[in-house]
Amino acid sequence: MARCQHFISSLIFYCCLVLHFGHAQTGYYGKKIGKFSSYAHGIRGDVYAVDETTIFIKDFYYDGTGPDTHFFVGNGSKVGLGGYLVPYPEEYQSREPPILERFENAKILLKLKDGLRIKDIKWLAVWCRRFTVNFGDVFLPSNLEIPKPRILPEFSRLAHGLRSGNISILDSKTFYIPNLHYDGAGPDAYFWVGNGSEPNIHGTKVPNEVGSLDPLRGYQGEDIEVVLPKNLTVYNIEWLSVWCVQYKHNFGHVLIPKDLDVPPALGQTKITTSSTPPPFVPTSTTHDFSNCKEMLDGRVQVQWEVVGDDVKIRVSGKIKDDQYVAFGLSGQENESKMIGGDVVVVAYDSRTQKYIAVDYYMSHLSQCDGEKGVCPDERVGGKNDAILLGGTRKNGVTSVTYMRPLRTNEPVKDKMIPEFETSVIAAIGRLNSRGEANAHEPTDQTSEDIRIDFTSRNIHECKTSLYNLPDSTTLKPWKIPEIIDTDNFTARIGPAGNKRGYFAITGIPPWGIAWYINDRLIPEITVERGRTYTFIVEGGNDPSNPAKYHPFYITTSPEGGYEQKSEGQRKQQRVLAGLAHNKEGEAIPTAQGRYCEWIHKSVDKSSEIDNFDEFFKTLKLDCQPGQPAKLEWTVAQDTPNLVYYQCFTHNNLGWKIHVVNPGERARREEEQEGLTSAGSTISTIIILFLTSLYTHYFLR
């Protein structure tokens with residue numbers, strides 16, 4: 001019954017979309033001019049106005065026997081008077097085009113030349129110059145409304161310095177974004193389109209200006225064009241945004257009007273900033289697979305083919321020697337969900353020097369204990385339904401081929417593969433000491449709903465060469481000095497420093513921003529019990545803009561995010577400062593304040609700079625109007641030795657506070673100074689030693 005209701009709701013929604021977005025149907029070619037009148041040689045075809053200078057002819061037929069036949073247009077009352085030749089193909093704009101050959105149900109795109117526009121002509125004809133004969137023509141209606149590009153507002157400016165000029169819709173699939181600025185610091189940000197009153201998780205990635213689905217780089221005032229993927233058109237969507245998939249945040253967007261009448265995308269729009277993506281280079285022979293799909297930004301490619309009652313699958317990944325790729329069915333339809341997922345883990349196990357393809361069931365996001373967790377089916381009373389067929393490892397790419405049944409005998413641990421599109425998941429992680437998938441250390445996993453029809457054929461969506469993807473490099477982390485010697489702190493937002501900053505310090509993937517305490521990126525703080533400390537907080541006070549709303553609080557939770565937690569999860573943490581309750585008993589933050597953010601002067605340069613002090617010079621402070629909040633915290637005697645400053649509304653923006661007894665803070669300060677002094681002394685000794693060697697061997 002529930003499935004029936006879901007189907008009916010989906011059908012109603014789809015019908016509403018079709019009625020609302022008339023041009024969303026396939027077969028939108030622009031405004032119809034009419035049909036060719038045929039006088040000779042079987043001329044026929046439907047003629048459309050694409051834009052001000054482009055005409056499209058659908059299902060064009062001509063027998064090709066005329067001696068000097070071309071397309072002509074004119075503005076006279078009769079065909080032939082004041083006519084102009086329209087070159088076809090278009091590359092003959094500046095030279096004599098070839099005579100028309102035979103066409104049968106062809107698609108013809110004509111581009112008017114020399115500044116001529118459709119509004120300047122009255123007819124289009126197939127004309128023989130040698131004998132001045134009209135083989136067929138169509139006259140343009142006097143009231144013809146020609147589709148035109150549409151100018152939209154600029155991106156809204158919500159986070160990461162995103163801004164642009166007015167965005168244009170050039171045709172039904174192409175956006176022109178002028179003067180684009182974005183700092184590039186979002187960890188998982190993409191151009192993103194979808195439906196609804198504002199951007200949300202139910203969107204679709206849009207390739208960037210070079211056709212790549214890699215996370216967006218930084219832009220400094222560039223003019224770019226992006227093209228909607230697959231069958232999407234502007235008539236199917238209600239917004240275009242820059243969206244962080246991992247942390248589900250909108251950095252800025254523009255709404256798509258409903259009264260569009262833009263040109264169709266028939267290849268007439270010449271993209272100036274994009275290039276054709278590199279062709280798919282298979283990890284091994286692909287003749288036995290008719291389908292291929294990319295996941296995890298191209299680092300994982302899945303090929304498949306149904307063979308009788310089984311499906312043959314090859315999973316290829318750009319991974320390290322000690323890593324695995326997991327691929328399979330999501331734990332929940334229409335959502336990327338690991339719990340309940342049925343996956344096969346593939347890898348090259350260096351301990352046994354063998355390739356593996358092992359059937360897993362995920363009852364819980366914990367290490368397998370033999371009963372629950374992320375477990376191989378065989379460890380929890382099931383069987384491995386994945387039959388290993390072979391594997392290769394070459395140039396950093398691991399490729400494993402296996403077979404699994406469409407239907408299994410283990411409905412509890414294994415999911416049936418349906419004969420329609422279904423949600424799939426993928427993850428990259430490290431093998432543990434048992435040679436099993438380490439549930440606590442997935443380095444990357446799907447976060448949006450990805451769907452595959454395993455019974456389909458000719459799904460070719462792999463455009464990236466795995467061999468050409470760069471290997472991950474280990475960047476030297478920044479050393480952030482502790483704050484020990486003050487009772488007063490400022491708390492603002494700033495960039496997380498990519499893999500040199502927050503991630504390197506905490507081991508936790510950030511979502512692009514973090515707390516800056518006294519202008520240092522997540523420093524560790526030391527406080528004494530019984531003493532009062534003051535935090536001047538500028539993390540934002542507008543709940544309607546979650547990307548810039550980060551109330552400050554102090555907690556025993558290593559990740560924070562009190563507002564996101566269930567009642568049971570809230571009881572597991574102790575809040576020490578920054579939280580109150582209203583009359584209804586609802587938890588409310590008390591340290592909000594205006595929003596101040598350290599932003600990039602240009603783009604994120606964290607990967608290029610070895611120390612935080614130099615990186616900090618590439619930032620500038622951007623504050624919104626208003627007043628900061630003031631949080632005073634008197635450290636109670638029963639406060640644990642380790643607590644955290646965090647964000648009330650989001651996870652993982654802050655770091656550690658060390659709590660010591662009265663008088664111990666001075667000792668920690670002396671220890672830190674001693675380490676600094678010792679380091680300086682060691683450096684001096686090394687320099688003197690090297691100088692002595694140089695003098696002894698080279699200056700004697």
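Before reading on, note that the structure itself is shown above.
Counting from 1, residues in each chain are numbered in the order their sequence is written. Only residues with pLDDT of at least 70 are given local features in this predicted model, and only at 80 or more are side-chain atom pairs given and counted; all residues enter the totals for whole chains, interfaces and linings. To get the side-chain values, all heavy atoms of the structure are used, and hydrogens and water are removed first.

Participant: How do you make sense of the overall build of the protein chain when you look at a structure like this?
Facilitator: Each helix is a run of DSSP H or I of at least 4 residues and each strand a run of E of at least 2, with the numbering of both proceeding from the N terminus. A count of helices and strands for the protein chain gives five helices and 44 strands. The classification of residues rests on relative accessible area computed with a 1.4 Å probe and restricted to protein chains. Under 20% of the type maximum is buried, over 50% is exposed, and intermediate values are partly exposed. When burial is assessed residue by residue, the protein chain has 48% of its 700 residues classed as buried. Here, residues are in contact when the closest pair of their heavy atoms is within 4.5 Å. Excluding contacts between residues fewer than 6 apart, the proportion of contacts in the protein chain whose partners are at least 24 apart in sequence is 66%.

Participant: Sorry, what's going on with unusual backbone geometry here?
Facilitator: Most peptide bonds are trans, and most residues other than glycine sit at a negative phi. In this chain, Tyr88 is followed by Pro89 through a cis amide linkage whose omega measures 0 degrees. Here Pro89 shows up in the loop between β6 (83-86) and β7 (103-111). Unlike most non-glycine residues, Leu296 shows phi in positive territory, near 50 degrees. Within the secondary structure layout, Leu296 lies in the loop between β18 (291-295) and β19 (300-307). Given a relative accessible area of 8%, Leu296 falls into the buried group.

Participant: When you look at the packing of aromatic side chains in this model, what are you seeing that I'm missing?
Facilitator: Each aromatic ring pair is described using two quantities: the centre-to-centre distance and the angle formed by the ring planes. Paired rings are identified among Phe, Tyr and Trp, the last through its six-membered ring, by centres lying within 6.5 Å, and are further divided according to the angle between planes into stacked (under 30 degrees), edge-to-face (over 60) and tilted (the rest). Throughout the structure, instances matching the rule amount to 30 aromatic pairs. Residues Tyr88 and Phe103 carry aromatic rings whose centres are separated by 6.0 Å and whose planes lie at 70 degrees to one another, so their mutual orientation is edge-to-face. Highlighted residues: Tyr88 in the loop between β6 and β7 and Phe103 in strand β7, separated in sequence by 15 residues. For Tyr88, a relative accessible area of 19% translates into the label buried. A relative accessible area of 15% means that Phe103 is categorised as buried.

Participant: What is the right way to read the pattern of salt bridges from this model?
Facilitator: Pairing is possible between side chains that carry opposite charge, provided their charged atoms lie close to one another. One speaks of a salt bridge when a side-chain nitrogen belonging to Lys or Arg is within 4 Å of a carboxyl oxygen belonging to Asp or Glu. The full count for this structure, using the stated rule, is 34 salt bridges. Linking Arg500 and Asp610 is a salt bridge whose minimum nitrogen-to-oxygen distance equals 3.3 Å. Here Arg500 is found in the loop between β31 (488-495) and α2 (502-506), whereas its partner Asp610 is found in the loop between β40 (596-600) and α4 (612-616), with 110 residues between them in sequence. Sharing partners across several salt bridges, the network here consists of Glu333, Glu421, Asp449 and Arg451.

Participant: What should I look at first to understand the state of the cysteines in this one?
Facilitator: Covalently bonding the sulfur atom of one cysteine to the sulfur atom of another cysteine gives a disulfide. Any cysteine sulfur atom paired with another within 2.5 Å is treated as part of a disulfide. Here the structure, examined in full by the defined rule, presents two disulfides. The disulfide partner of Cys292 is Cys462, and the S-S distance across this bridge is 2.0 Å. Measuring the twist about the S-S bond at about -90 degrees, one finds the Cys292-Cys462 disulfide to be left-handed. Within this pair, whereas Cys292 is found in strand β18, its partner Cys462 is found in the loop between β30 (459-461) and β31, the two being separated by 170 residues in sequence. With its sulfur 2.0 Å from that of its partner, Cys596 forms a disulfide with Cys623. Taking the torsion about the S-S bond as the criterion, the Cys596 to Cys623 disulfide, at about 120 degrees, is right-handed. One end of the pair, Cys596, is in strand β40; the other, Cys623, is in strand β41 (residues 619-623), and 27 residues separate them in sequence. Under the relative-accessibility criterion, Cys596 is labelled buried at 0%. With a relative accessible area of 28%, Cys623 lands in the partly exposed category.

Participant: How should the environment of His600 be read in this particular structure?
Facilitator: Structurally, the position occupied by His600 is in strand β40. Linking His600 and Lys620, residues 20 residues apart in sequence, is a C-alpha distance of 6.4 Å. Dropping the residues within four chain positions of it, His600 is found in contact with Asp183, Ala185, Pro495, Phe615, Thr618, Leu619 and Lys620.

Participant: I keep staring at the nonpolar core and nothing clicks. Help me out?
Facilitator: The nonpolar side chains of soluble globular proteins are, as a tendency, buried together. Only buried residues count toward a nonpolar core, which is a set of Ala, Val, Leu, Ile, Met, Phe, Trp, Tyr and Cys residues joined through side-chain atoms within 4.5 Å. Counting residues in each nonpolar core, the largest one holds 42 residues, and the members touching the most others are Trp515, Phe535, Phe552 and Trp633. Looking at this core, the element that brings in the most residues is strand β32 (residues 513-517), giving five residues. The residues contacting Phe552, other than those within four sequence positions of it, are Ala491, Trp515, Ile517, Phe535, Val537, Gly578, Ala591, Leu631, Tyr645 and Gln646. Of all hydrophobic cores here, the second largest spans 34 residues; its members include Tyr28, Ala159, Ile224 and Leu260.

Participant: In this structure, what is going on with the sheet that holds β18? I would like to understand it.
Facilitator: Pairing between the strands of a sheet is mediated by backbone hydrogen bonds and can be parallel or antiparallel. If you trace the six strands from one edge of the open sheet to the other, you get β25-β26-β20-β19-β18-β30, paired in mixed fashion. The two strands at the open ends of the sheet, each matched to only one other strand, are β25 (387-394) and β30. On average, each strand axis in the sheet is inclined to that of its neighbour by 20 degrees, with strand direction left out of account. A strand pair is defined by DSSP finding two or more bridges across the two strands. Bridge count for β25 against strand β26 (residues 397-405) is seven bridges, and the pairing is antiparallel. Opposite Gly391, over in β26, you have Val400 as the bridge partner. Axis angles are defined between N-to-C directions and span 0 to 180 degrees, where every axis is a line fitted to C-alpha atoms and, for a helix, only to the segment in contact.

Participant: How should the sheet that holds strand β3 (residues 44-51) be read in this particular structure?
Facilitator: In space, the four strands of this open sheet follow the order β1-β3-β4-β7, with antiparallel pairing throughout. Here the strands that pair on one side only, and so sit at the sheet edges, are β1 (31-35) and β7. Strand after strand, the sheet turns through a mean of 20 degrees between neighbouring axes, direction not considered. As judged from the four bridges shared by β1 and β3, these two strands associate in the antiparallel manner. Residue pairing in the sheet places Lys31 in a bridge with Ala49 of β3.

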